[in-house]
Amino acid sequence: MDRSELIAEIKKQLQEELQHYKKSLEEKIPDEQKKQAKEAKDVATTFVKENPWASVGMAVLAGFVIARMIYRRRDD
């Protein structure tokens, strides 16, 4: 078995295992929470499509805040 075949086999096994865990997690989440999450995703998607520049601005701001928090911890 060469390297590419080994990588393909490992990838296949990981994907199968992830599918197993995904199914078990989906079974544990109540339908009401699934519905709420889908509605939140739909609202966010609509907002991003209607306001792309505002979305970019919020992403930049979030990145700046996260970077400041990380660098502040290093300074302590």
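Bear in mind the structure is a predicted one, so any value in this text is a computation, not a measurement.

Draft legend 1. The overall build of the protein, seen in detail. Per the secondary structure count, the protein includes 3 helices and 0 strands. Taking 76 residues into account, the globule formula puts the C-alpha radius of gyration at 11 Å, and the protein, at 20 Å, lies well above it. Dimensions along the principal axes, computed over C-alpha positions, put the protein at roughly 50 × 40 × 30 Å. Evaluated residue by residue, the protein yields a buried proportion of 1% over its 76 residues. Put simply, the protein shows about 7400 Å² of open surface, and 60% of that area lies on carbon and sulfur atoms. A distance of 4 Å separates the average location of the 15 positive side-chain charges in the protein from that of its 14 negative side-chain charges.

Draft legend 2. Spotlight on the pattern of salt bridges. Following the criterion strictly, the structure yields 2 salt bridges and no others. Close ionic contact of K38 with D42 constitutes a salt bridge, the shortest N to O distance being 3.1 Å. With K38 and D42 both in helix α2 (residues 31-50) and 4 residues apart, this pair spans about one turn of that helix. On the basis of relative accessible area, D42 is assigned to the partly exposed category, the value being 32%. A network of salt bridges, in which partner residues are shared, links K38, K41 and D42.

Draft legend 3. Broad picture of the confidence of the model for the protein. Confidence in the prediction for the protein averages 91 pLDDT; 95% of positions are at 70 or higher. Summarising per-element confidence for the protein, the mean pLDDT is lowest in helix α3 (residues 52-75) (90) and highest in α2 (95).

Draft legend 4. Main features of the environment of T46. Looking at the element boundaries, T46 is found in helix α2. Assessed through its relative accessible area of 39%, T46 is described here as partly exposed. The spatial distance from the C-alpha of T46 to the C-alpha of K34 is 18 Å, given a sequence separation of 12 residues. A polar side-chain atom of T46 sits 2.9 Å from the main-chain carbonyl oxygen of D42.

Rules and cut-offs
Residues numbered from 1 in each chain as written. Predicted model: local features only at pLDDT ≥ 70, side-chain atom pairs only at ≥ 80, totals over all residues. Heavy atoms only, no water. Helix = DSSP H or I, 4+ residues; strand = E, 2+ residues; numbered from the N terminus. Rg over C-alpha atoms; globule rule 2.2 N^0.38 Å. Buried < 20%, exposed > 50% of the residue type's maximum accessible area, 1.4 Å probe, protein only. Areas by Shrake-Rupley, 256 points an atom, 1.4 Å probe, with all protein chains shown as cover. Lys, Arg positive; Asp, Glu negative; His and termini not counted. Charge placed at Lys NZ, Arg CZ, Asp CG, Glu CD. Salt bridge = Lys/Arg side-chain N within 4 Å of Asp/Glu carboxyl O. pLDDT = per-residue confidence, 0-100. Polar contact = N/O pair within 3.5 Å; in protein donor to acceptor, adjacent residues only side chain to side chain.

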